[in-house]
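The chain contents come next:
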Amino acid sequence: MNNYIDYVMNNVTCRFESVADHNLNDDRFSLNLPNTDLHVNFIIYTNENTINVLKNAALKSLNISAEELLEIALSNTYRKERPQFLDFKKITGIANTAIEDDIRNIIVSNENLYYGAVLILHKKVHDEIYKKLGDFYILPSSVHEVICVPKVDADKEYLLKMVKEVNSEYFMTDMDILTDDVFEIRDGKICSAFINSM
């Protein structure tokens, strides 16, 4: 049993749950982040192409809290997947996009641009973005990346409208959609920008 626990602690990573994942009823453990409608799943890669999603029973066998598991998984994710700070041109090859023309931004993902949005939860990522943008809002572009924009350059109501439009008009399935909300960092934690100060 101790070998299993050590294996999980050294290899568990995390990623945001998509809208489609949230509608599954497969006993996967899903942690809802306080003051958000974001959910995190915990996974272990058994090889390059195969993953195991941690189930509710697995959490019980680890004998730690969900918050402790998130801290460990986030640390492993940061170490294994290495955050990337990008712009639209690097991702799309297109120099001019609507958001780039209007608002300075940084896209946060991982090296593979695959399920990298969860890295926005790591404190080192917050610090790096703050150095570049100052106080910032977080737009949940997809489960693969988030877009960070300086608060001084944008209105959160406008940003929320943009997120909803993109989610309803440009995504063909719920597999990539994260949520319809705008977030910010308060006291080191992500929360909805529309929740009154805690």
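Parameters at a glance
- Residues numbered from 1 in each chain as written.
- Predicted model: local features only at pLDDT ≥ 70, side-chain atom pairs only at ≥ 80, totals over all residues.
- Heavy atoms only, no water.
- Salt bridge = Lys/Arg side-chain N within 4 Å of Asp/Glu carboxyl O.
- Helix = DSSP H or I, 4+ residues; strand = E, 2+ residues; numbered from the N terminus.
- Buried < 20%, exposed > 50% of the residue type's maximum accessible area, 1.4 Å probe, protein only.
- Arc of directions from axis to C-beta.
- Contact = heavy atoms within 4.5 Å.
- Pairing = 2+ DSSP bridges.
- Axes fitted to C-alpha atoms, helices over the stretch in contact; angles between N-to-C directions.

Novice: Looking at this structure, I do not really get the pattern of salt bridges. What am I missing?
Specialist: Close approach of charged atoms allows side chains of opposite charge to pair. Enumeration according to the criterion identifies six salt bridges in this entry. Here E111 ties to R82 by a salt bridge, and the two come within 3.3 Å at their closest N and O atoms. With E111 in the loop between strand 6 (106-110) and helix 7 (123-133) and R82 in the loop between helix 4 (66-81) and strand 5 (83-86), the pair connects residues that are 29 residues apart, well separated along the chain. Residue classification places E111 among the partly exposed positions, given a relative accessible area of 44%. Accessibility expressed as a relative area gives 46% for R82, which makes it partly exposed. We note a salt bridge from K123 to D127, for which the minimum N-O separation is 3.0 Å.

Novice: When you look at helix 1 (residues 2-11) in this model, what are you seeing that I'm missing?
Specialist: Residue pairs spaced three or four apart in an α-helix point in one direction, given the helix's 3.6 residues per turn. Among all positions in helix 1, only I5, V8 and M9 are buried. An end-on view of helix 1 places all buried positions within 95° of arc, on one side of the element. Where helix 1 is buried, its residues touch strand 3 (39-47), helix 3 (56-62) and helix 4.

Novice: How should I be thinking about the sheet that holds strand 6 in this particular structure?
Specialist: Backbone-to-backbone hydrogen bonds pair the strands of a sheet. The strands run either parallel or antiparallel. With antiparallel pairing, the six strands of this open sheet are ordered in space as 5-6-8-7-9-10. Either end of the sheet is taken by a strand with one partner, and the two such strands are strand 5 and strand 10 (189-192). Taken pair by pair, the neighbouring strands of this sheet meet at an average axis angle of 35°, ignoring direction. With four bridges connecting them, strand 9 (residues 183-186) and strand 10 associate as antiparallel partners. In the sheet register, E184 faces strand 10, and the bridge partner there is C191. The sheet strands contacting helix 8 (residues 156-169) are strand 7 (136-139) and strand 8 (146-150), and the helix crosses strand 7 at an angle near 15°.

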